[in-house]
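Below are the chains, spelled out letter by letter.
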Amino acid sequence: QVQLVESGGGSVQAGGSLRLSCVASGYTYSYYYMYMGWFRQAPGKEREGVAGIYTGGGSTYYADSVKGRFTISQDNAKNTLYLQMNSLKPEDTAMYYCAATYLRLGDYDRLDSYKYNYWGQGTQVTVSS
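Nothing here was measured: the structure is a model prediction, and the numbers come from that model. (Residues numbered from 1 in each chain as written. Predicted model: local features only at pLDDT ≥ 70, side-chain atom pairs only at ≥ 80, totals over all residues. Heavy atoms only, no water.)

### Considerations on the packing of aromatic side chains
Where two aromatic rings form a pair, the distance of their centres and the angle of their planes describe that pair. Evaluation of the coordinates by the stated rule reveals seven aromatic pairs. Here the aromatic rings of Y102 and Y118 are separated by 6.5 Å at their centres, their planes lie at 85°, and the arrangement is edge-to-face. Note that Y102 is positioned in the loop between β9 (94-101) and β10 (118-119) and Y118 in strand β10, a separation of 16 residues in sequence. A relative accessible area of 15% means that Y118 is categorised as buried. Aromatic ring contacts, followed pair by pair, group F39, Y97, Y116 and W119 into a single cluster. Over the face of the ring belonging to W119 we find R47, whose NZ or CZ atom lies 4.6 Å from the ring centre. (Phe/Tyr/Trp six-rings, centres within 6.5 Å; stacked < 30°, edge-to-face > 60°. Helix = DSSP H or I, 4+ residues; strand = E, 2+ residues; numbered from the N terminus. Buried < 20%, exposed > 50% of the residue type's maximum accessible area, 1.4 Å probe, protein only. Lys NZ or Arg CZ within 6 Å of the ring centre and 35° of its normal.)

### Considerations on the nonpolar core
If you look at the biggest cluster of nonpolar residues, it comprises 29 residues, and the most contacted ones within it are L4, M36, W38, L83, M85 and Y96. Contributing elements (two or more residues each) for this core: β3 (18-25), β4 (35-41), β5 (48-54), β7 (70-75), β8 (80-85), β9 and β11 (123-128). Within the second largest apolar cluster, six residues are counted, among which are Y35, F39, A99 and Y116. (Core = buried A, V, L, I, M, F, W, Y, C linked by side-chain atoms within 4.5 Å.)

### A few points about the environment of V127
Looking at the element boundaries, V127 is found in strand β11. Classification of V127 as buried rests on a relative accessible area of 5%. Along the chain, V127 and Y27 lie 100 residues apart, while their C-alpha atoms are 33 Å from each other.

### A few points about the pattern of salt bridges
Scanning the entire structure with this criterion turns up five salt bridges. Across the pair D92 and R40 runs a salt bridge, and its minimum N-O distance is 2.9 Å. Remark: R40 occurs in strand β4 and D92 occurs in the loop between β8 and β9; sequence separation between them is 52 residues. For R40, a relative accessible area of 5% gives the class buried. (Salt bridge = Lys/Arg side-chain N within 4 Å of Asp/Glu carboxyl O.)

Scope: geometric values only; no functional claims are made or implied.
In structure tokens, the structure reads:
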């Protein structure tokens, strides 16, 4: 059973930055060769994919709304996933979740929350104007 724990959320002013971390543990297969991603959900809104990465190769993918502002990365030695968020906007305010799956994902569904079966508890990000 893969366990994911997020941290790094907080409250910042618009234009500020935060770095989220997700520590993975308990995997019985491998930390590698997984798709991992960051998702967010704001009150009253649908959960949306933000960014993802394939741990086996490092390929990344982003939602259009965060391209150029957010960067996903990993530290395999620490089994940790990161999301560097710069130029934050009030509309980025949401609960951010780390997720993972061993499923083979195509380009069209790497930010589809329904494809992921392992989830963290979430970390709140609040951006004020």
